2 protein chains.
Amino acid sequence: MSHEAQKIVARQSLLLRSLPEQHVDTLLRQAVWRQYDRGETIFLQEEEAKAVHVVLAGWVKLFRISPTGAEAVVSVFTRGESFGEAVALRNVPYPVSAEAVSPCEIMHIPSPVLLSLMKQDPEICVSILAATFTHLHSLVAQLEQLKAQTGAQRVAEFLLNLCDSDAGQCEVELPYDKMLIAGRLGMKPESLSRAFSRLKPVGVRINRNHAEIADMDVLRNYAESDPSEK
Amino acid sequence: MSHEAQKIVARQSLLLRSLPEQHVDTLLRQAVWRQYDRGETIFLQEEEAKAVHVVLAGWVKLFRISPTGAEAVVSVFTRGESFGEAVALRNVPYPVSAEAVSPCEIMHIPSPVLLSLMKQDPEICVSILAATFTHLHSLVAQLEQLKAQTGAQRVAEFLLNLCDSDAGQCEVELPYDKMLIAGRLGMKPESLSRAFSRLKPVGVRINRNHAEIADMDVLRNYAESDPSEK
DNA sequence: TCTCCAACTTGACTATTGTCATGTAAGGGC
DNA sequence: GCCCTTACATGACAATAGTCAAGTTGGAGA
């Protein structure tokens with residue numbers, strides 16, 4: 001991707017799009033642009049945060065290694081999404097690690113740059129709070145899923161979120177590894193395989209990375225039904 | 001609690017303590033002070049946020065009602081803790097509902113008050129980001145627990161967090177209903193009962209609301225051990 | 001004081017998920 | 001082209017948690 005193209009994508013990101021126009025150029029000029037290979041570490045848990053990260057291309061996973069050694073995937077980001085806002089601006093250690101799960105292009109905004117802009121224009125704080133709130137919200141949604149839905153239902157919702165349309169038949173590509181999907185949904189790969197089988201009766205066909213949903217309403221109904229009703 | 005006592009507690013809250021001194025008085029003067037009975041609703045999911053809430057006394061639960069009707073407890077707050085920061089400052093709907101689970105005293109800071117202070121002094125943004133980050137962090141920790149630990153291990157960690165000391169023998173009171181503890185830990189009350197029984201061999205005795213831990217290190221070791229090792 | 005209700009416990013059973021083992025198939029490197 | 005690794009599927013079994021159904025108990029209120 002050319003640097004010009006990178007800048008265009010960066011401007012479209014949720015974070016920069018909500019910032020006042022005049023500051024965007026300042027940020028873009030001072031940002032650090034980097035590529036990562038698949039599997040490369042972007043930062044590690046407990047490391048001190050020095051920047052906010054904006055994904056321009058590829059997929060990034062945030063995860064935590066628990067004391068037992070198990071990996072818990074917290075979120076997966078792609079083009080246009082940013083992470084690390086709240087951490088970077090407080091100079092505290094990251095609560096998670098970040099790793100590129102596909103080749104990635106990432107823009108890093110050094111936190112001092114953002115902090116000095118915040119002092120000039122408090123409007124920026126609100127943009128950053130907006131991004132942070134989005135993360136909070138998605139974590140809350142994830143908690144709800146884990147606490148109130150079965151594995152197969154979480155998979156159903158995951159598939160529904162991949163679709164562009166919102167009713168009828170739909171075909172989508174799974175965006176990343178099934179292993180990672182399993183992690184993201186809080187289950188083992190074996191359980192994901194079985195969850196897919198379980199979704200066959202409600203019109204889901206999986207072939208490699210390709211998924212076909214016969215009827216989104218039927219699937220949504222399944223995802224939102226009481227687990228004990230089945 | 002007298003209004004003077006309320007103000008003292010409010011000043012000790014994590015949110016206000018990190019704010020520059022001169023603004024605290026402004027906030028305290030414009031805040032709304034209210035009491036809630038056990039079971040009373042503080043706000044509802046989807047309602048538009050108009051204030052930041054600081055708990056002065058009692059316990060508050062934040063929860064989500066999933067499409068299936070199941071309740072997922074997101075967090076439980078008490079004296080000195082605040083919630084709703086990121087939401088209030090963006091005038092978006094709450095992603096959760098809030099309910100007093102015991103008689104409560106709560107201070108509400110209307111969001112316009114906070115917003116206007118933010119414009120005067122961007123330093124305040126950082127304080128608010130700090131509070132928001134704390135919430136993010138606790139949600140991440142919860143996700144990790146749910147994804148990587150068994151029920152009994154989550155209960156063990158919950159008990160450890162209640163203790164003031166960090167080693168040796170310890171006695172604590174359970175701060176709220178076992179039903180709520182179960183919800184907070186993502187399990188059914190029956191499972192919580194059984195988890196308690198399972199903790200007997202590692203030196204945990206529960207009697208009503210009273211818990212005795214024979215040795216915190218032994219319990220911690222249990223909580224952090226690989227589930228498959230048992 | 002008595003009654004009643006909701007919280008809690010326990011048991012039996014089921015469902016769901018994890019674990020381990022095995023087999024297959026696809027894709028990268030040579 | 002081949003090999004070899006890794007992802008993925010599936011079966012058998014174990015562990016864990018949910019469900020349903022009885023109890024028990026302690027406390028609020030009449």
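Keep in mind the model is a prediction, meaning the values are calculated, not measured. (Residues numbered from 1 in each chain as written. Chains lettered and ligands numbered in written order. Predicted model: local features only at pLDDT ≥ 70, side-chain atom pairs only at ≥ 80, totals over all residues. Heavy atoms only, no water.)

### Focus on the pairing of strand 8 (residues 104-110) of chain A
Residues and elements named next belong to chain A.
Reasoning step 1: Along strand 8, six of the seven residues are buried, which leaves the element largely enclosed by surrounding structure.
Reasoning step 2: Relative to strand 8, strand 3 (residues 51-57) runs antiparallel, the two sharing six bridges. Within strand 8, the position partnered with V52 by the bridge is I109. (Buried < 20%, exposed > 50% of the residue type's maximum accessible area, 1.4 Å probe, protein only. Helix = DSSP H or I, 4+ residues; strand = E, 2+ residues; numbered from the N terminus. Pairing = 2+ DSSP bridges.)

### Re the domain arrangement of chain A
Residues and elements named next belong to chain A.
Reasoning step 1: As far as domains go, chain A holds domain 1 (3-147) and domain 2 (149-229).
Reasoning step 2: Between the C-alpha centres of domain 1 and domain 2 there is a distance of 27 Å.
Reasoning step 3: Each side of the interface is counted separately: domain 1 has eleven residues, and domain 2 has eleven residues.
Reasoning step 4: Of the roughly 950 Å² buried at the junction of domain 1 and domain 2 (both faces included), carbon and sulfur atoms supply 57%.
Reasoning step 5: Our count for the domain 1 to domain 2 interface comes out at one salt bridge.
Reasoning step 6: We note a salt bridge from D177 to R38, for which the minimum N-O separation is 3.6 Å.
Reasoning step 7: Where domain 1 meets domain 2, there are two residue pairs in polar contact (both at pLDDT 80 or more). (Domains from an automatic or database assignment. Contact = heavy atoms within 4.5 Å. Buried area = accessible area lost by both parts, 1.4 Å probe. Salt bridge = Lys/Arg side-chain N within 4 Å of Asp/Glu carboxyl O. Polar contact = N/O pair within 3.5 Å; in protein donor to acceptor, adjacent residues only side chain to side chain.)

### Observations concerning the protein's contact with DNA strand C
Reasoning step 1: Not every one of the 16 residues close to DNA strand C is listed here, only the nearest: G151 and S191 of chain A together with K178, S193 and R194 of chain B.
Reasoning step 2: By atom count, sugar and phosphate contribute 70% of the portion of DNA strand C lying within 4 Å of the protein.
Reasoning step 3: One of the backbone nitrogen or oxygen atoms of M179 of chain B is found 3.0 Å away from a phosphate oxygen of DNA strand C.
Reasoning step 4: A distance of 2.6 Å separates a base nitrogen of DNA strand C from a polar side-chain atom of R194 of chain B.
Reasoning step 5: Among the elements that take part in the surface near DNA strand C, helix 9 (residues 189-199) of chain A stands out by supplying four residues, more than any other. (Near = heavy atom within 4 Å.)

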